[in-house]
Amino acid sequence: MNPYPRARRRLRGALVGIAATLVMFGLADLIARAFSPSAAPLLTLGQAIIPLAPPAAIKPVIALFGDNDKVVLVLSTGLGALVLGGLIGILALSHRRLATLFLLIAGLVPAVVIVLRPEANASDIVPTLIGLTLGIAVFVVLLRLGGSGEPGSDRRGAEHGSRTPEPLSRRRFFTLAGAFGAIGAVTIAAGQTVASLAQDAGAAVAQLVLPRPAKKAEPIPAKASTDVTGTAPFLTDPQDFYRIDTVLAPPVVDPEQWSLRIHGMVAEEVTLTMDELLDLPLEEHHITLTCVSNPVGGDLVGNATWLGYPVRELLKRARPSADADMVLSHSFDGFTASTPITALTDDRDSLLAVGMNGQALPPEHGFPARLVVPGLYGFVSATKWVTELEVTRFDEKTSYWTDRGWDAKAPILVASRIEVPKPLGKVSAGSLQVGGTAWAQRSGIDRVEVRLDDGEWTEADLAEEVTIDTWRQWRTDFAEVEPGSHTLTVRATDKDGTVQTAKRRDAIPNSATGHHHIQFRVE
Ligand SMILES: Nc1nc2c(c(=O)[nH]1)N[C@H]1C(S)=C(S)[C@@H](COP(=O)(O)O)O[C@H]1N2
Ligand SMILES: [Mo]
């Protein structure tokens, strides 16, 4: 037997399955994104995969793809669905009914995942069901129109000749399958557009009117920046601020509905509404937030002026039991973080924050309220969309990342990075300007040293310190650097005398270490 017609038949079958899948997801996503974005099947499926992923793998993946991790996840979920659709299409060549049943069952999976979400409404399932119905219809129609074989050569078709319409020519079949596929692809694209519009709407929700701070942040002195061109600005624009979380789309939380509940080992439960929070004397503080997954030299660190109310004062109202040593903060989306209670009750400026650089928090940074705790990595402290503070003990409760192999307590380690020159960058011969940032929240940066090639460590000039909880810029100049390939290495020392270790290690369980070391060329 000539193998080619068979391969072609298979291709046809696969195309039918792929076209049906595209229509299914495209339509459902489009409808869902327009009416209830969190019910979009691709998004929900992707979201459902996150907790199933191997614990040790997922955080590095989030860190690796940075802000693109969501896109990568949704794309791979979509790709998986297309492959499955294609296989079901091939199966249909020999077992049409069985294949249609499989497609139906596979299409019901996202529907089930959608209804099982804690925040699901019954109507959330509608877009998926519409997509599923149309996808199946496309599948059946395309199969009948000749997806199951060459015109005239399909023996099954011949057997059931009376019920099967005359198959289309190959050309027309491919055109038709292609058209359905294209419709599916276009609706997916349109869905993305609608989604980004919805995101804008989310940002509009964020136009919450913030009160004037009762206590303003210290003005940032001009000397807090070194003015080396190309270094990160002292204050990070919220648009450029790194984003790390386990949700595909930031939850849209209505400030009118929002409240914070303080409970657990407390003498008195406290509930705070947004109106009550905004009526309190809010304070502004500059605080540098850092992610434990930041690779050496990476940019999962940002500095902002946060507006909020001291958590210390809120906890005082609830009167925590003396036995409590941890506060488990819960997010609207189910995320939890374990913070040593002392970090929330001592004199540091731990905030229940509502504002970032003078504006309401953007949805992706925790609107309407989040925690910001100086000196601790975000995963044990910086809960976004925060809704509960549960006063408890480390030997009783665990948090989201602790359950996945990360430390329960994670103070930020002293770190530094080179920002200019860029790794593998080219600079012109002559004097060399080097600039970067260092941080050691709660202690403060005492010294930064830089080494050119294998030379001596030279002490860099430090920009003015704003507070010990903010990062500190540094610069240094080397007089005459020869053309050719060179390296630079940096290390920082905090005010407790801890020198940044040269020892390299992975981020899990409590941050990567090692000196930032770059190569560049002088020409
Ligand atoms: N609800 C929620 N809050 C969260 C997270 C999360 O996954 N979900 N991630 C934490 C981590 S790991 C970090 S580093 C910070 C990052 O805050 P950002 O995205 O505003 O920079 O948020 C923390 N708060
Ligand atoms: Mo993080």
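Residues numbered from 1 in each chain as written. Chains lettered and ligands numbered in written order. Predicted model: local features only at pLDDT ≥ 70, side-chain atom pairs only at ≥ 80, totals over all residues. Heavy atoms only, no water.

Let us now look at empty space enclosed by the protein. Across all of its chains, the model carries 3 cavities of 30 Å³ or more by this definition. Looking at the largest cavity, its volume works out to about 280 Å³. Forming the walls of the largest cavity are 22 residues, and the residues nearest its centre are Ile244, Asp245, Gly378, Ala382 and Lys384. A per-class count over the lining of the largest cavity returns 10 nonpolar, 6 polar and 6 charged. (1 Å grid on protein atoms, 1.4 Å probe; cavity = no way out; pocket = protein on both sides within 12 Å on 5 of 7 lines; lining within 4 Å. Points joined across faces, edges and corners; volume = space filled by probe spheres on them. Nonpolar A, V, L, I, M, F, W, Y, C, P; charged D, E, K, R; others polar.)

So, on to the side chain of His286. One can find His286 in strand β3 (residues 283–290). For His286, a relative accessible area of 7% corresponds to the buried category. From its side chain, His286 meets the backbone oxygen of Glu218 in a polar contact 2.7 Å long. A polar contact is formed between the side chain of His286 and the side chain of Thr305, at a distance of 2.9 Å. His286 has contacts with Ala217, Glu218, Ile220, Asn303, Ala304, Thr305, Val466, Thr467, Asp469 and Thr470, leaving out every residue within four places of it along the chain. (Helix = DSSP H or I, 4+ residues; strand = E, 2+ residues; numbered from the N terminus. Buried < 20%, exposed > 50% of the residue type's maximum accessible area, 1.4 Å probe, protein only. Polar contact = N/O pair within 3.5 Å; in protein donor to acceptor, adjacent residues only side chain to side chain. Contact = heavy atoms within 4.5 Å.)

Taken together, 20 residues lie near ligand 1, and Tyr242, Asp245, His365, Arg370 and Lys384 sit nearest. In this structure, a nitrogen atom belonging to ligand 1 sits 3.1 Å away from a side-chain N or O atom of Ser331. Here an oxygen atom of ligand 1 and a side-chain polar atom of Arg370 are 2.7 Å apart. About the coverage of ligand 1: the protein hides 100% of its 530 Å² of free accessible area. According to the grid-proximity analysis, the pocket containing ligand 1 is the largest cavity. Here the residues of the shell around ligand 1 are counted per class, giving 9 nonpolar, 5 polar and 6 charged. (Near = heavy atom within 4 Å. Areas by Shrake-Rupley, 256 points an atom, 1.4 Å probe, with all protein chains shown as cover. Sits in = over half its atoms within 2 Å of the grid points.)

Moving on to the environment of Val113. Mapping Val113 onto the fold places it in helix α5 (residues 96–116). When the C-alpha positions of Val113 and Pro41 are compared, they lie 8.4 Å apart, and in sequence the two are 72 residues distant.

With that settled, the discussion passes to the sheet that holds strand β1 (residues 259–264). Sheet architecture is open: 5 strands sit in the order β2-β1-β10-β5-β6, paired in mixed fashion. Each of the sheet's edge strands pairs with one partner strand only, and the pair in question is β2 (270–273) and β6 (336–340). Pairwise comparison of adjacent strand axes, ignoring direction, gives a mean angle of 15 degrees for this sheet. Strand direction decides the pairing type here: strand β5 (residues 326–331) and β6, joined by 5 bridges, are antiparallel. Each bridged residue has a counterpart across the sheet, and for Leu328 the counterpart in β6 is Ser338. (Pairing = 2+ DSSP bridges. Axes fitted to C-alpha atoms, helices over the stretch in contact; angles between N-to-C directions.)

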